[in-house]
Amino acid sequence: STGPSGLHHLVYEVVDISVDEVLAGHCKNVDVLIHTDNSVTVIDDGRGIPVDPMKDVKDPRYKNKPALEVVLTTLHAGGKFDHAAYKVSGGLHGVGVSCVNALSEWLKVEVYKEGKIYKQEYERGKVKYPVKQEGKTDDRGTKVTFKPDPEIFGDIKFSFDVLSNRLRELAFLNAGTRITIVDEREDKQHAF
């Protein structure tokens, strides 16, 4: 939907990438930040979305493209590259994050992997520049920041309570995981 439930579902789809990492045993912390412009950031300490060029793919359009770009721009690509490890946390199973990207005015992704920071940005689902390696880090994980497209959703004001309820459920269902939500608009936060 392009109403409130569809708007909030965008956040759930991005969080589900992190929860899949939790289910695979590679992530303990997920942070969700609602910014003053109603953009949202989801950060986790998982393995990071793969960034390497895809070699063993049937479709020639994706051969040698970075996995990160394929995941964020292609329906049904999903983050499920390690089929044995992922259990599917919910969501649209490979449609999710590429739909979030397409339905966002802009989306920025950073992957922290093997001591390096990889970045890519998109506007309404279209790549702004190729995946680039920029800087070094001791962190690992993925950071996705997106702003829903007001031309699609009209009202893009997220409900702190709606998101908090969903994140509380996810924390309850995934023992040992710390999920935090911070609302910079009203200086509110919860940790589950």
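Rules behind the numbers
Residues numbered from 1 in each chain as written. Predicted model: local features only at pLDDT ≥ 70, side-chain atom pairs only at ≥ 80, totals over all residues. Heavy atoms only, no water. Buried < 20%, exposed > 50% of the residue type's maximum accessible area, 1.4 Å probe, protein only. Helix = DSSP H or I, 4+ residues; strand = E, 2+ residues; numbered from the N terminus. Pairing = 2+ DSSP bridges. Phe/Tyr/Trp six-rings, centres within 6.5 Å; stacked < 30°, edge-to-face > 60°. Lys NZ or Arg CZ within 6 Å of the ring centre and 35° of its normal. Contact = heavy atoms within 4.5 Å. Expected span 1.5 Å × (residues − 1). Bend = angle between axes of the 7 residues up to and from the residue. Salt bridge = Lys/Arg side-chain N within 4 Å of Asp/Glu carboxyl O. Polar contact = N/O pair within 3.5 Å; in protein donor to acceptor, adjacent residues only side chain to side chain. Axes fitted to C-alpha atoms, helices over the stretch in contact; angles between N-to-C directions. Parallel < 35°, antiparallel > 145°, perpendicular 65-115°, else oblique. Left-handed = near helix turned anticlockwise from the far one by under 90°.

**Q** Please clarify how the pairing of strand S2 (residues 40–44) should be interpreted in this entry.
**A** Regular strands place their side chains on alternate faces of the sheet. Among the 5 residues in S2, 4 count as buried, and that is most of the element. Where strand S1 (residues 29–34) and S2 come together, 5 bridges link them in antiparallel fashion. In the sheet register, Asp31 faces S2, and the bridge partner there is Ile43. From the end of S1 to the start of S2, which pair antiparallel, there are 5 residues, and Asn38 there has a positive phi angle of about 65°.

**Q** Quick question: what am I supposed to make of the packing of aromatic side chains here?
**A** To describe a pair of aromatic rings, you give the distance between the ring centres and the angle between the ring planes. Taken as a whole and assessed by the stated rule, the structure comprises 0 aromatic pairs. We note Lys108 situated over the ring of Trp106; from NZ or CZ to the ring centre the distance is 5.0 Å. Looking at Arg166, its charged tip hangs above the ring of Tyr12, at a distance of 4.3 Å from the centre.

**Q** Sorry, what's going on with the environment of Glu184 here?
**A** When you line up the elements, Glu184 lands in the loop between strand S8 (178–183) and strand S9 (188–191). Classification of Glu184 by relative accessible area gives partly exposed; the value is 39%. Distance from Glu184 to Thr36, taken between C-alpha atoms, is 5.8 Å for residues 148 residues apart in sequence. Glu184 has contacts with Leu33, Ile34, His35 and Thr36, leaving out every residue within four places of it along the chain.

**Q** For this particular structure, what's the right way to read helix H1 (residues 4–23)?
**A** Note on helix geometry: an α-helix contains 3.6 residues per turn, so any two residues three or four positions apart are oriented the same way. Along its 20 residues, H1 runs 28 Å from first to last C-alpha, staying within 8% of the 28 Å computed at 1.5 Å per residue. Of all the bends found along H1, the most pronounced is centred on Asp16 and spans about 25°. H1 sits mainly inside the fold: 15 of its 20 residues count as buried. Backbone geometry just after H1 places Gly25 at a positive phi near 85°.

**Q** It is not clear to me how the pattern of salt bridges should be interpreted in this structure. Could you clarify?
**A** Side-chain pairs of opposite charge can arise whenever the charged atoms involved come near each other. One pass over the structure, following the stated rule, counts 12 salt bridges. With a closest N to O distance of 3.8 Å, Lys119 and Glu110 form a salt bridge. Glu151 is paired through a salt bridge with Arg124; the nearest N and O atoms lie 3.4 Å apart. Here Arg124 lies in the loop between strand S4 (116–123) and strand S5 (126–127) and Glu151 lies in helix H4 (residues 150–153), a separation of 27 residues in the sequence. Residue class for Glu151 comes out exposed when judged on its relative accessible area of 67%. The class of Arg124 is partly exposed, set by a relative accessible area of 38%. Connected through salt bridges with shared partners, the residues Glu110, Lys119, Lys132 and Glu134 form a single ionic network.

**Q** I tried to follow the side chain of Thr145 on my own but got confused; where do I start?
**A** Mapped onto the elements, Thr145 comes out in strand S7 (residues 141–148). On the accessibility criterion, Thr145 (12% relative accessible area) is buried. Here Thr41 takes part through its side chain, which lies 2.7 Å from a polar atom of the side chain of Thr145. Residues in contact with Thr145, not counting those within four places in the same chain, are His35, Ser39, Val40, Thr41, Trp106, Leu107 and Lys108.

**Q** What is the right way to look at the packing of H1 against helix H5 (residues 160–173) in this model?
**A** Pairs of packed helices are described in terms of their axes, by the angle between the two and the distance that separates them. Contact geometry of H1 with H5 gives a least axis separation of 11 Å together with a crossing angle of 25°. Regarding the angle of H1 to H5, the classification is roughly parallel. Seen along the crossing, H1 lies across H5 with a hand that is right-handed. Here His8, Val11, Tyr12, Val15, Asp16 and Val19 of H1 lie close against H5, whose contacting residues are Val162, Leu163, Arg166, Leu167 and Leu170.

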